[in-house]
Amino acid sequence: MRRKRILIPLVLIALAFAAYFIIRASGQAKLPLSAMTGPIRELPEPDAPLVPVVNVAPAIGWKAGETPVAAQGLKVDAFAEGLDHPRWLLPLPNGDVLVAESNAPPKQTTPSLFERVQSLVMKRAGAGAASPNRIVLLRDTDGDGVADARTVLAAGLVSPYGMALVGDRLYVAEADKLVRYAFRPGQTSVANPVKVTDLPGGPINHHWTKNVLASPDGAKLYVTVGSNSNIGENGMEAEDSRAAIWEVDTGTGTHRIYAYGLRNPNGLAWEPATKMLWTVVNERDGLGSDIVPDYLTSVDFGGFYGWPWYYWGGYIDKRVDGRDDDQQQYVIRPDYALGAHTASLGLAFASGGGLGPRFAQGAFIGQHGSWNRKPKAGYKVIFVPFARGKPAGKPVDVLTGFLNGDEDAHGRPVGVAVDRAGALLVADDVGNKVWRVTAG
């Protein structure tokens with residue numbers, strides 16, 4: 001009897017240790033990130049973990065004098081410091097730079113257990129603070145590459161994100177609407193916003209970041225609207241007009257769906273050679289650390305990219321009910337994979353070769369970084385070379401060092417933009433800086 005009393009606790013301890021190591025190993029990537037990068041055609045089978053992967057990089061910020069690491073031949077300096085969660089950038093023709101300081105709007109519903117856990121995760125990752133809800137104007141008055149003047153251009157918005165200048169009108173995409181201001185470069189403040197159109201918001205507003213890009217002639221605006229869930233678990237009625245890119249008429253505010261089935265599109269840009277619209281998209285979670293890759297893709301009018309029923313050109317997500325398999329043949333495969341869970345957000349095409357011939361043709365992409373992948377991915381700015389209007393080669397690291405040796409996050413890159421001088425600007429919402437990358 002005594003021997004049994006000793007053995008039972010030992011067995012329980014052994015089982016506990018076994019469970020710990022099984023759970024710890026669950027969700028570990030089996031492929032290098034590079035295997036899910038580029039113009040790939042085939043994906044591995046889903047490998048859903050036993051428990052959801054949570055692998056957060058705690059936000060620690062930058063110490064004085066610390067900077068990210070620029071690629072060989074480039075240098076990086078702080079263009080502006082002491083900002084409050086800078087997310088998106090708009091360089092103006094006169095050299096000023098607009099910065100959207102923004103965070104998620106407050107929840108209007110009682111959060112579920114999952115949402116509470118996710119909220120704690122986001123706070124640890126540096127995204128739990130109240131949204132500043134403003135647009136700041138940065139000005140470099142002496143041309144030394146550092147902003148020495150700063151004013152609040154607009155305040156009291158609802159989680160502003162994307163911005164576009166068309167003539168004497170500044171358009172701002174908030175979490176629930178698109179507005180415009182009368183504005184000319186040189187002004188340091190605006191007032192009296194006019195609503196152009198409502199955007200999907202509501203009590204959940206899961207993917208709240210809305211971006212906006214003007215057509216070359218200024219007649220249309222293209223607005224990104226992310227999904228209200230991971231894979232439609234809040235019901236498809238909550239996804240009305242979401243997971244899509246809208247086309248909005250600047251004169252009337254009327255809109256139509258330009259492309260759909262895009263889980264969470266963010267960056268938008270016109271490719272210089274072909275004048276095609278391109279976007280970067282965050283794909284779904286829960287199928288393992290290796291898939292589904294976020295992606296960079298050209299956007300076809302009327303194009304269907306699969307969400308929530310399909311991914312990567314027609315792979316079936318068996319977790320989602322209600323699919324119509326007649327649609328499967330019409331799912332467009334994206335042009336270029338960016339690695340799973342990299343949270344690729346920012347997008348800007350090279351302009352004028354300001355960073356040298358190596359970075360003269362292609363796309364700069366800000367990767368905010370994973371919180372649910374083992375090992376971590378993203379947390380850098382990359383460059384995807386282009387030739388004849390299409391991706392042509394493996395990505396090149398432009399800015400790294402956002403994670404330290406302990407995998408804590410000094411910063412997290414979001415929006416990227418090319419300024420008037422051809423330098424690359426990077427919004428760092430955890431480091432509260434805007435970095436400026438120039439030829440070394």
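The residue numbers shown here count from 1 along each chain, following its written sequence. Thresholds applied to this predicted model are a pLDDT of at least 70 for local features of residues and 80 or more for the giving and counting of side-chain atom pairs; totals over whole chains, interfaces and linings are not thresholded and use all residues. Based on all heavy atoms of the structure, the side-chain values leave hydrogens and waters out of the count.

## Describing the overall build of the chain
For the chain, the count of helices and strands is 2 helices and 30 strands. Buried, partly exposed and exposed residues are distinguished by accessible area as a fraction of the type maximum, computed with a 1.4 Å probe on protein chains only: under 20%, between the cut-offs, and over 50%, respectively. Counting every position in the chain, which comprises 440 residues, the buried fraction comes to 53%. Pairs of residues are marked as contacts when any of their non-hydrogen atoms sit within 4.5 Å. The contacts in the chain between residues at least 6 apart in sequence include a share of 61% that link residues at least 24 apart. To measure how exposed things are, a 1.4 Å probe is used in the Shrake-Rupley method; for residues, cover is taken only from the protein chains shown. Only carbon and sulfur atoms are counted for the fraction: they give 54% of the accessible area of the chain, which is about 19,200 Å². Each helix is a run of H or I in the DSSP string that is no shorter than four residues. Each strand is a run of E no shorter than two, and both are numbered from the N terminus.

## Brief notes about the sheet that holds strand S8 (residues 163-166)
For two strands to count as paired, DSSP must find a minimum of two bridges between them. Ordered in space as S8-S9-S10-S11, the 4 strands form an open sheet in which the pairing is antiparallel. The open sheet terminates on both sides in strands that have one partner only, identified here as S8 and strand S11 (194-198). Shown here is a sheet whose adjacent strand axes are inclined to one another by a mean of 20°, direction ignored. Where strand S9 (residues 169-173) lies against strand S10 (residues 177-182), 5 bridges are found, and the strand directions are antiparallel. Bridging across to S10, Arg-169 finds its partner in Ala-182. Axes, fitted as lines to C-alpha atoms, cover a helix only where it is in contact. Angles between the N-to-C directions of the axes lie from 0 to 180 degrees.

## Comments concerning the sheet that holds strand S14 (residues 244-249)
In space, the 5 strands of this open sheet follow the order S12-S13-S14-S15-S19, with mixed pairing throughout. The sheet is open, and its two edges are formed by strand S12 (212-214) and strand S19 (303-304), each paired on a single side. The sheet contact formed by strand S13 (residues 220-225) and S14 spans 6 bridges and is antiparallel. Paired with Val-223 across the strands is Trp-246, a residue of S14.

## Observations regarding the pattern of salt bridges
Note on definitions: salt bridges are taken to be side-chain nitrogens of Lys or Arg within 4 Å of carboxyl oxygens of Asp or Glu. In this structure the tally under the stated criterion is 21 salt bridges. With its nearest N and O atoms 2.5 Å apart, the salt bridge here joins Glu-101 to Arg-134. Of the two residues, Glu-101 is situated in strand S5 (residues 97-101) and Arg-134 in strand S6 (residues 134-139); the sequence distance between them amounts to 33 residues. Where Lys-220 meets Asp-249, a salt bridge forms, and the shortest distance between an N and an O atom there is 3.3 Å. One end of the pair, Lys-220, is in strand S13; the other, Asp-249, is in strand S14, and 29 residues separate them in sequence. Classification of Lys-220 as partly exposed rests on a relative accessible area of 28%.

## A look at the nonpolar core
Take the buried residues of types Ala, Val, Leu, Ile, Met, Phe, Trp, Tyr and Cys, join any two whose side-chain atoms come within 4.5 Å, and each joined set is a nonpolar core. Residues Phe-359, Phe-364, Val-398, Leu-399, Leu-424, Trp-435 and Val-437 are the most contacted members of the largest nonpolar core, which totals 24 residues. Mapped by element, the contributors of at least two residues to this core are strand S3 (74-80), strand S25 (380-387), strand S27 (396-400), strand S29 (424-428) and strand S30 (433-439). Leaving out residues up to four positions away in the same chain, Leu-399 has contacts with Pro-68, Val-69, Ala-70, Val-76, Lys-380, Val-381, Val-426, Trp-435 and Val-437. In this structure, Leu-98, Val-179, Tyr-181 and Trp-208 belong to the second largest nonpolar core, which totals 22 residues.

## Digging into the pairing of strand S23 (residues 344-349)
Within S23, 6 of the 6 residues are buried, which leaves the element mostly enclosed by the surrounding structure. Looking at chain direction, S23 and strand S24 (residues 362-367) are connected through 5 bridges and run antiparallel. Opposite Phe-349, over in S24, you have Ala-363 as the bridge partner.

## Some points on unusual backbone geometry
A cis geometry characterises the amide bond from Ile-291 onward to Val-292, with omega recorded as 5°. In the segment running from Trp-307 into Pro-308, the intervening peptide bond is cis, with an omega of 0°.

## Some thoughts on the side chain of Arg-87
Position of Arg-87 relative to the elements: it lies in strand S4 (residues 86-91). Pairs of N or O atoms are called polar contacts if they sit within 3.5 Å, as long as, within protein, a hydrogen donor faces a hydrogen acceptor (for residues adjacent in sequence, only side-chain-to-side-chain pairs). At a separation of 2.8 Å, a polar atom in the side chain of Arg-87 contacts the side chain of Asp-429. With residues near it in sequence (within four places) discarded, Arg-87 still touches Ala-100, Ser-102, Tyr-161, Trp-208, Thr-209, His-368, Val-414, Gly-415, Ala-427 and Asp-429.

## Things to note about the pairing of S9
S9 sits mainly inside the fold: 4 of its 5 residues count as buried. Here S8 runs beside S9; their pairing, made up of 4 bridges, is antiparallel. When the sheet's bridge partners are listed, Met-163 is paired in S9 with Val-172. What sits between the antiparallel neighbours S8 and S9 is a turn of 2 residues, in which Gly-167 has the positive phi angle 60°. Between S9 and S10, which pair antiparallel in sequence order, lie 3 residues.

## Here we look at the confidence of the model for the chain
pLDDT gives the predictor's per-residue confidence on a scale running from 0 to 100. Averaged over every residue, the pLDDT of the chain is 92; the share at 70 or more is 90%. Helix H1 (residues 2-25) is the least confidently modelled element of the chain, averaging 44 in pLDDT, while S5 averages 99, the highest of any element. Under a pLDDT of 50 for its full length, residues 9-25 has, in the predicted model, 4 contacts with residues more than four places off or in other chains.

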